[in-house]
Amino acid sequence: MGGTFDPIHHGHLVTAEAALWRFTLDEVMFLPTGSPWMKGDRPVSGPEDRYLMTVIATASNPRFSVSRLEIDRPGPTYTVETLQELRRQAEGDIDLFFITGADAMLEILEWKDPHEVLAQAHFIAATRPGYDLARFQERAPSSHPNVSVMDIPALAISSTDIRRRVAAGEPIRYLVPEGVHTYIEKAGLYRSEP
Ligand code: ATP
Ligand code: MG
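Residues numbered from 1 in each chain as written. Chains lettered and ligands numbered in written order. Predicted model: local features only at pLDDT ≥ 70, side-chain atom pairs only at ≥ 80, totals over all residues. Heavy atoms only, no water.

J.: Would you explain the site of ligand 1 in this entry?
T.: Neighbouring residues of ligand 1: 24 residues in total, closest Gly-101, Asp-103, Leu-155, Ser-159 and Thr-160. Backbone polar atom of Ile-157 to a nitrogen atom of ligand 1: 3.1 Å apart, as the coordinates give it. Contact distances for ligand 1 include 2.4 Å between an oxygen atom and a side-chain N or O atom of Thr-160. Burial of ligand 1 by the protein chains amounts to 92% of its free accessible area of 600 Å². Of the residues assigned to the shell around ligand 1, the class counts are 6 nonpolar, 13 polar and 5 charged. (Near = heavy atom within 4 Å. Polar contact = N/O pair within 3.5 Å; in protein donor to acceptor, adjacent residues only side chain to side chain. Areas by Shrake-Rupley, 256 points an atom, 1.4 Å probe, with all protein chains shown as cover. Nonpolar A, V, L, I, M, F, W, Y, C, P; charged D, E, K, R; others polar.)

Below, the structure is given as structure tokens:
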């Protein structure tokens, strides 16, 4: 499961656990993205803060792990390269799944050559409030056989909203794991809006 994880929240964790169960996966590996110093026009927190928060959030689940693959690779993050690298590192034959939310899946399908990345893994697209995956299903159910839609309990939680809340002094408790909440306070993240 790739993501900026700035910060990781319960929407990410519920999605990962649902995929684990629904597709009987052995494990879910979280891959914080390398340094997109800017995401659109906003600054992104440093990779070590995002990595540590992801470790804290996933530590209690024996089937969750966190990879430094993308944050340790210089240059921009390309999902195709990441999937190829994971296959190279694996011992023997493995089935790779890439877990995304509906918004990220719709973005991937809009990339220039989605077929190359779709050939590398089976994509799991989780429903997310505000994004219409049904539209995608109607449009292209058979031309993308490597994409499955997964229904999860709707969680209208986003990192964008969490950052806004911290800057505005609103509570984020119970939107993120307790340890992540503590880390955000201790490191002084998101206190001022960009
Ligand atoms: P931002 O608001 O900064 O974009 P985000 O909440 O979308 O943050 P990302 O790190 O961008 O989090 O997302 C990583 C992956 O998790 C993406 O595939 C995204 O679609 C998915 N995801 C994030 N939040 C949810 C949620 N509430 N429900 C389902 N999927 C989610
Ligand atoms: Mg996002």
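On we go.
J.: I tried to follow the sheet that holds strand β7 (residues 122-126) on my own but got confused; where do I start?
T.: Remark on secondary structure: sheet strands pair via backbone hydrogen bonds, oriented parallel or antiparallel. An order of β6-β7-β8 is seen for the 3 strands of this open sheet, with the pairing classed as parallel. Here the strands that pair on one side only, and so sit at the sheet edges, are β6 (97-101) and β8 (147-150). Sheet twist, expressed as the mean angle between neighbouring strand axes with direction ignored, is 25 degrees. Sheet topology note: the β7/β8 ladder contains 4 bridges and is parallel. (Pairing = 2+ DSSP bridges. Helix = DSSP H or I, 4+ residues; strand = E, 2+ residues; numbered from the N terminus. Axes fitted to C-alpha atoms, helices over the stretch in contact; angles between N-to-C directions.)

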